[in-house]
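# Descriptive analysis of the structure
The residues making up each chain are set out below.
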Amino acid sequence: MSIYAVKTTASQERTVADMLITREEPEIHAALAPDSLTSYVMVEADGTAAIDRALEDIPHARSLVSDRPSPFSEIEHFLSPKPDVEGIAEGDIVELIAGPFKGEKAQVQRIDEGKDQVTVELYEATVPIPVTVRGDQIRVLDSEER
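Residues numbered from 1 in each chain as written. Predicted model: local features only at pLDDT ≥ 70, side-chain atom pairs only at ≥ 80, totals over all residues. Heavy atoms only, no water.

This brings us to the sheet that holds strand β1 (residues 2–8). Strand order in the open sheet made by the 4 strands is β2-β3-β1-β4, with antiparallel pairing throughout. Taken across any chain shown, the strands that pair with only one partner, and hence form the sheet edges, are β2 (28–32) and β4 (61–64). If you compare each strand with its neighbour and ignore which way they point, the axes differ by 30° on average. (Pairing = 2+ DSSP bridges. Helix = DSSP H or I, 4+ residues; strand = E, 2+ residues; numbered from the N terminus. Axes fitted to C-alpha atoms, helices over the stretch in contact; angles between N-to-C directions.)

Looking now at the environment of Asp46. Relative to the assigned elements, Asp46 resides in the loop between β3 (40–45) and α2 (48–56). Here Asp46 falls in the partly exposed class, since its relative accessible area comes to 44%. Along the chain, Asp46 and Pro59 lie 13 residues apart, while their C-alpha atoms are 22 Å from each other. The residues contacting Asp46, other than those within four sequence positions of it, are Met1, Tyr4, Glu27 and His29. (Buried < 20%, exposed > 50% of the residue type's maximum accessible area, 1.4 Å probe, protein only. Contact = heavy atoms within 4.5 Å.)

Here the UniProt-annotated "domain: KOW" (unreviewed entry) positions come out as residues 87–114. Regarding residues 87–114, the helix share stands at 0% and the strand share at 43%, and the terminal C-alpha atoms are separated by 15 Å. (UniProt positions renumbered as here; feature names shortened; annotations may be inferred.)

Quick look at the structure:
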């Protein structure tokens, strides 16, 4: 089994990946459409023949990038999830985008990468209240590092 790159129409990566998987091709094992990779789908298959057959009937699928499989080292970083707190630093000004304090601005006090949580202090509160939220519930407005 090897992993091959398939060129697609922009913004149609998930559609192509879903159609590849729903086809009954025993030689195609998996398809991956990472958000960070535009216009490409990674396909795990026994060979290129099955992929070529499948691509003939799938709209938005353009072509196989190469007859040679992609080295695992080039694909590996797409397989591990990126933590939500990556790119957030202590002192950053953030906006809460979910939860009971939605729309409030706050300053990052502490980051727990293991739990993917951030402790922030609300700006407009009369008394400073530390609030711990998940990393996907905030949006960075202003960073001290930039």
